[in-house]
Amino acid sequence: MTQQVKRAFKYRFYPTGGQAAELSRTFGCVRLVYNKALEERTRAWYGEQRRVSYVQSSAALTEWKKTEGLAFLAEVSSVPLQQALRHLQAAFGNFFAKRARYPRFKSRKDSRASAEYTRSAFTWRDGRLTLAKMDQPLDIRWSRPLPEGAEPTTVTVSHDNAGRWFVSLLCEDTIAFAPATDAAVGLDAGITSLVTLSTGEKIVNPKHERRDRARLAKAQRELSRKAKGSSNRVKARVKVARVHARIADRRRDFLHKLSTRLVRENQTVVIEDLTVRNLLKNGKLARAISDAAWTELRSLLEYKCAWYGRDFVTIDRWFPSSKLCGACGTVRENLPLNVREWTCVCGAVHDRDVNAARNILAAGLAASACGDGVRPQRESSRTGRSSVKQEPQRATAGTPRL
């Protein structure tokens, strides 16, 4: 069985001097249009209690181009500017639906500048991509082929702080479901072990940030010594950005390989619905939690399960997975974080993380069978307790179970 999906293929490319200048101007104009439209929407809402639609923002963009101070907006392709307004419209839609926070202004210091081109703003011919306002195709390094016969419908060009240029091509792709299997796995997230599987296997956390911490600290020290506004400071800043990029790339590569393996081997994948934002409030563990990238792992598992015909199940974060005895069902009252192995009153000896993973799997399979989530009684709504990873009853915001 197969299905059609929209899939992005990302490649690195090396622009000419003219292409880099044109793209840099486009990035600046996209940022300006986004911020100006956000400013107008904010003023209209808080000053007049009036919502501004995408059509009104688009009409305003046309008027901005006619003014003397913003006439330069007409020098770049209009499509990325219109796409910026569409992205702002989507951001407000998510905000009003309570799926996201209020949209924020874009800064020049953002780690990634980008512009999106739709089909009318680029030419795809004989496997070569030429963007609007450019007279020659991009020099793309084709690290992997596009699907046979596929043509991009949307192109996103980006530039990061490490000085690298990327192009992402959105194409229609045919994904074949993975062969069915009876295997199922529960995942318990942690820091020492990135995840513990219900099979008893513990996936060691590579701790990419910690491994490059000395290199990062050295680059940051060198940056702090450079005079502000100097060329040497710009070079030092790029060196810092390259260390961060190296860490992020290695982490992403590891998570892709791990998620692919788990989806390939199991028909059902069960995890906890963690609120990582609250866990990051713990100052002592925030750096380690960020390095573990639990949210990114969940995102990868979720879309890969959907692509390959697997079942992805999440259980409530308040489910007492660590404190529940998998043998007799007794729930232990207290289980401090430093207790990694405990003995139940029934005599069963449990490894904290393995027991939690097995309980997560059992709860997920039960929830999947009845078509509902696992939501035991909890006191969070009455006591005002923050939504953190369900461990001890007196846990405060940001105290995770490892």
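Numbers given to residues run from 1 along each chain, matching the order in which its sequence is written. Only residues with pLDDT of 70 or above have their local features reported here, since the model is predicted, and side-chain atom pairs are shown and tallied only from 80 upward, although totals for entire chains, interfaces and linings are computed over all residues. As a rule here, side-chain values cover all heavy atoms of the structure and leave hydrogens and water aside.

**Some details on the UniProt feature "domain: Transposase putative helix-turn-helix" (unreviewed entry) in the protein**
Those residues carrying the UniProt feature "domain: Transposase putative helix-turn-helix" (unreviewed entry) are residues 1-48 in this numbering. Comment: elements are numbered from the N terminus, with helices defined as DSSP H or I runs of at least four residues and strands as E runs of at least two. For residues 1-48, the helix share is 67%, the strand share is 25%, and the end-to-end C-alpha distance is 53 Å. UniProt positions are given in the numbering used here, feature names are shortened, and annotations may be inferred rather than shown by experiment.

**Side note on the environment of F319**
For F319, the position within the fold is in the loop between β12 (311-315) and β13 (341-343). Relative accessibility thresholds used throughout: buried, under 20% of the residue-type maximum; exposed, over 50%; partly exposed, between the two (1.4 Å probe, protein chains only). On the basis of relative accessible area, F319 is assigned to the buried category, the value being 12%. Measuring from C-alpha to C-alpha, the distance between F319 and R261 comes to 26 Å, with 58 residues separating the pair along the chain.

**Topic: the pattern of salt bridges**
We define a salt bridge as a side-chain nitrogen of Lys or Arg found within 4 Å of a carboxyl oxygen belonging to Asp or Glu. Applying the stated criterion across every chain yields a total of 26 salt bridges. Residues E48 and R50 are paired through a salt bridge, measuring 2.9 Å at the closest nitrogen-oxygen approach. The partly exposed category is assigned to R50, whose relative accessible area is 36%. Among the salt bridges present, the one from R164 reaches D249, with a minimum N-O distance of 2.8 Å. Of the two residues, R164 sits in the loop between β6 (154-160) and β7 (165-176) while D249 sits in helix α6 (residues 231-265), which places them 85 residues apart along the sequence.

**Looking at the domain arrangement of the protein**
Segmentation of the chain into domains, including their bounds, is taken from an automatic or database domain assignment. Here the domain parsing of the protein yields domain 1 (2-176) and domain 2 (184-370). Taken together, both faces of the contact between domain 1 and domain 2 bury some 810 Å²; the carbon and sulfur share is 50%. Buried area adds together the accessible area that both of two parts lose upon being put together, with accessible area traced by a 1.4 Å probe. The largest contributions to the domain 1 side of the interface with domain 2 come from N161, A162 and R164, which together make up 44% of the buried area. The interface formed by domain 1 and domain 2 includes one salt bridge. Looking at the side of domain 1 that touches domain 2, the elements with two or more residues in it are β1 (2-13) and β7. Looking at the side of domain 1 that touches domain 2, the element that brings in the most residues is β1, giving four residues. The class makeup of the residues in the side of domain 1 that touches domain 2 is four nonpolar, two polar and four charged. Residues were grouped as follows: Ala, Val, Leu, Ile, Met, Phe, Trp, Tyr, Cys and Pro as nonpolar; Asp, Glu, Lys and Arg as charged; and all remaining residues, including Gly, as polar.

**A closer look at the sheet that holds strand β11 (residues 268-272)**
In a beta sheet, neighbouring strands are held together by backbone hydrogen bonds and run either parallel or antiparallel to one another. The strand order across the open sheet built from five strands is β10-β9-β8-β11-β12, with neighbouring strands paired in mixed fashion. Single-partner strands in this sheet number two, and they are β10 (202-204) and β12. Each adjacent strand pair in this sheet contributes to an overall mean axis angle of 25°, direction not counted. A pair of strands is treated as paired once DSSP finds two or more bridges between them. Two elements, strand β8 (residues 184-189) and β11, share three bridges in a ladder whose sense is parallel. Note that in β11 the partner of A184 across the bridge is T268. Packed on one face of the sheet, helix α10 (residues 352-370) meets β8, β9 (193-197), β10, β11 and β12 and runs near 130° to β8. The convention used is that axes are lines fitted to C-alpha atoms, helices contributing only their stretch in contact, and that angles between N-to-C directions extend from 0 to 180 degrees. When checking whether two residues touch, look at their non-hydrogen atoms; a contact exists if any pair is within 4.5 Å.

**Structural notes on the environment of S259**
When you line up the elements, S259 lands in helix α6. Classification of S259 by relative accessible area gives buried; the value is 0%. The sequence separation of S259 and V345 amounts to 86 residues, and the corresponding C-alpha distance is 36 Å. Ignoring sequence-local partners within four residues, the contact set of S259 consists of L297, L300, L301 and K304.

**Notes on the UniProt feature "domain: Probable transposase IS891/IS1136/IS1341" (unreviewed entry) in the protein**
UniProt's entry tags residues 179-282 with the feature "domain: Probable transposase IS891/IS1136/IS1341" (unreviewed entry), counted in the numbering of this structure. With 54% helix and 18% strand, the stretch residues 179-282 has end C-alpha atoms that lie 42 Å from each other.

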